[in-house]
Structure formats: structure tokens, C-alpha cells
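Spelled out from the first residue to the last, the chains are:
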Amino acid sequence: MVMSKQLKSLIATSLRYANPQATDRLRKKGRKNLSQAIINQYLLSGLVFLAVYGSMLFMTDFAKMPGTFTYFAMLFFLLGLSQGVSIIYNIFFESKDLGSYLPLPFKQSQIFIAKNIVVALSVVPFIIPLLILFFLTSLKSKLNIVLAGVISSLLFIVVLLILFAICSLIVFGITKTKVFQKHKKLMTTLLLWVTMALVIIGIMLMNQDTADSYVADRNIILPMLPLFHITHAPFSSEGLISIVGVVGFLLILAFLVKWQILPQLYEQVTNISSTEQVVRRKHKKNQNLQQILRRYNFELVKNPSLITQVLSSSLVF
């Protein structure tokens, strides 16, 4: 009971940092239960994605189109990657709340799990169509509906954990470097922008083989092919090898997270926070309103978290 209360408190705190702009909007609207309001927004986003992409996926027989399956799997994985990197950085480094936990009886693993649950709540709405993709592929492959539901649900959770691990290793790996600690603001901007750029470039490259709208199937994206084998024929030799490969990959990532991130979680986040540079504002005289507004908006654009949230919730989609 104590553990669950601690975890619930940590989750409620981290929810407010996942998307600071959305939290501020809810505060201004006078919402009393911020945690529930934020969760409701995530649920609504998930329903919208299900409605939009679910209807599209329902029209395709993925059992006969492995290339199209791997295309959609990679598409949603890349969307989850762009969101995951941004949100993990926000709730671990921009929140600057870990120092407050030092005198409290929280384990580092509890804090890490709570914050990643918040990452899950933030990322799942954007990758929830993967669950539909897995389920429809299993059904079209003539698997029992119960078995299809179990396989698709378990595979979705595994893919979600892999996504979290990759995002965590990217963020914590880059923030360990001396270059990042010396040029925090510049490197933060590069981290978020480069990740988003890679996502956009990846989506554009995947669409190169779709100039002809009458192509029967797309080119197969090999990293996503094991997911097709698992949902299409889980008990075949390809399916069993794919299951072993995907689970093994997850275990390797989990090992890296456990030994590279958790033992130094407090120290790394505290070190990054302590390298904050004090910005001295320069007062410029004789500026007109247009010059003041231009300078103000330029400072907003320099805020990496703000501009990334704006672009990731509009332009990318």
C-alpha cells in the first residue's frame, strides 16, 4: 500500500512536467485536479488517433502485405521516438525536481519507473494504432480472436518498453557528455531538433516507394519484419525466432538502462541542473514596441522545449 501511494504521488508530480505548456493552460482554466485533466487529454488524443488511423488500417489486409505492415510499424515507432525523447528530457531534466526527493524515502528505481509511466501516458496516444495494426494482422492471418488479442497486447507492451529504453539511452547518453554540460542550451536544442529531423527524414524516405498509388505492397523495412512474423505466424520457425530476437533485444536494452542510467540517476540530473548558467538580462533603451516584440518572440523561439512541443504536436502530424 505504501509503495502504491509513493508511486501515485511521483506520477502525479511528473505529469505536470511532461508538457509544461499544457499544464499552464489547465491552471489558467482553473482546473483543480490537474492530474486527471492531463490524463483525460491523453485519452482524448488516443481516441482521435484510433479513429483516424484505425479506419485506415481496417481497410488493409496486412497478412498479405508485409511491406505495408512494416511501413506503418516504423511510422508510429518514429512518432513515438520523437515524442519520447522530448518528454523524457522534460520530466527528468527540465522539471528539476529530483533534488526535492533526496530527503524523502524514494528509491531511484521508483522515481525512474514513475517518470517512465508518465512517458507511457504521453507517448501511447501516438502509437496506439500499433495495437490495432498487430491485432488486425493476426485476425487476417486466421488466428483465434482471443489468441490474436493476447499476442497483439503483449507485443505492443514489448515495443513500448523498447521505445522507452531507446529514448532513455539517447537522452541520458547525450547528457553525460562534457560538450552537453558545457553548452547545455545549445545541445538541448540540437538534441530535440535533430531527433525531430531524423523522424521527418525517416518518414520521407519511407514514402519514396509510394509514388505509384497502385503499388500492391511497399518495400519491406527489415527492422520491423520480426513484428510481422510474430503477428502473422507466431508458431512458425520465423515467428519463434522473431519472438526470441525481440525479447532478447529488450533484455539487452533493459540491462543497459539498469547499469548505465539507474545507478547515476540522481548524480547525472543534479550535475546537469547545477551547470545552469545565470542569464543577465540587458536593458536596452529607446526601443519601440515592434523591436520589443521581435526580441521577445526571438527568445521564445530559442526555448527548445517550447518550440519542439509546438512542432511535434502540429507540423509532424
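Everything quoted here is computed from the prediction, not taken from an experiment.

Cut-offs used in this document
Residues numbered from 1 in each chain as written. Predicted model: local features only at pLDDT ≥ 70, side-chain atom pairs only at ≥ 80, totals over all residues. Heavy atoms only, no water. Helix = DSSP H or I, 4+ residues; strand = E, 2+ residues; numbered from the N terminus. Buried < 20%, exposed > 50% of the residue type's maximum accessible area, 1.4 Å probe, protein only. Contact = heavy atoms within 4.5 Å. Areas by Shrake-Rupley, 256 points an atom, 1.4 Å probe, with all protein chains shown as cover. Salt bridge = Lys/Arg side-chain N within 4 Å of Asp/Glu carboxyl O. Axes fitted to C-alpha atoms, helices over the stretch in contact; angles between N-to-C directions. Left-handed = near helix turned anticlockwise from the far one by under 90°. Nonpolar A, V, L, I, M, F, W, Y, C, P; charged D, E, K, R; others polar. Core = buried A, V, L, I, M, F, W, Y, C linked by side-chain atoms within 4.5 Å.

Caption draft 1: Fine view of the overall build of the chain. Within the chain one finds 15 helices and 0 strands. The burial tally for the chain puts 44% of its 317 residues in the buried class. If you take every contact in the chain between residues at least 6 apart in sequence, the share linking residues at least 24 apart comes to 79%. As presented, the chain carries roughly 17,800 Å² of accessible surface, and 67% of it is formed by carbon and sulfur atoms.

Caption draft 2: Representation of the pattern of salt bridges in the model. In this structure the tally under the stated criterion is 1 salt bridge. Between Asp61 and Lys64 there is a salt bridge, with its nearest N and O atoms 3.9 Å apart. For Lys64, a relative accessible area of 68% corresponds to the exposed category.

Caption draft 3: Here's a closer look at the side chain of Thr137. Mapping Thr137 onto the fold places it in helix H7 (residues 129-140). The class of Thr137 is buried, set by a relative accessible area of 0%. Dropping the residues within four chain positions of it, Thr137 is found in contact with Phe62, Ala63, Phe69, Phe228, Thr231 and His232.

Caption draft 4: Highlighting the packing of helix H4 (residues 66-94) against helix H6 (residues 108-127). Following both chains from N to C, one finds H4 and H6 inclined at 145°, their axes separated by 9 Å at the closest point. For H4 against H6, the interelement crossing comes out right-handed. Packed against H4, whose contacting residues are Phe76, Gly80, Gln83, Gly84, Ile87, Ile88, Ile91 and Phe92, the element H6 presents Phe112, Lys115, Asn116, Val118, Val119, Ser122, Val123, Phe126 and Ile127 at the interface. Across the contact of H4 with H6, the residue classes tally to 11 nonpolar, 5 polar and 1 charged.

Caption draft 5: Up close: the nonpolar core. Membership of the largest hydrophobic core comes to 76 residues, with the highest contact counts inside it found for Phe69, Phe72, Phe92, Leu130, Leu133, Phe134 and Leu227. Among the elements that line this core, the one with the most residues is H4, at 18 residues. With residues up to four places along the chain from it excluded, the contact list for Phe134 reads Phe69, Ser152, Leu155, Phe156, Val159, Leu227 and Thr231.

Caption draft 6: Geometry of the environment of Ile151. Positionally, Ile151 belongs in helix H8 (residues 145-175). Sequence separation of Ile151 and Leu131 is 20 residues, and the distance between their C-alpha atoms is 9.9 Å. Excluding its chain neighbours within four sequence positions, the residues that come into contact with Ile151 are Leu143, Ile230 and Pro234.

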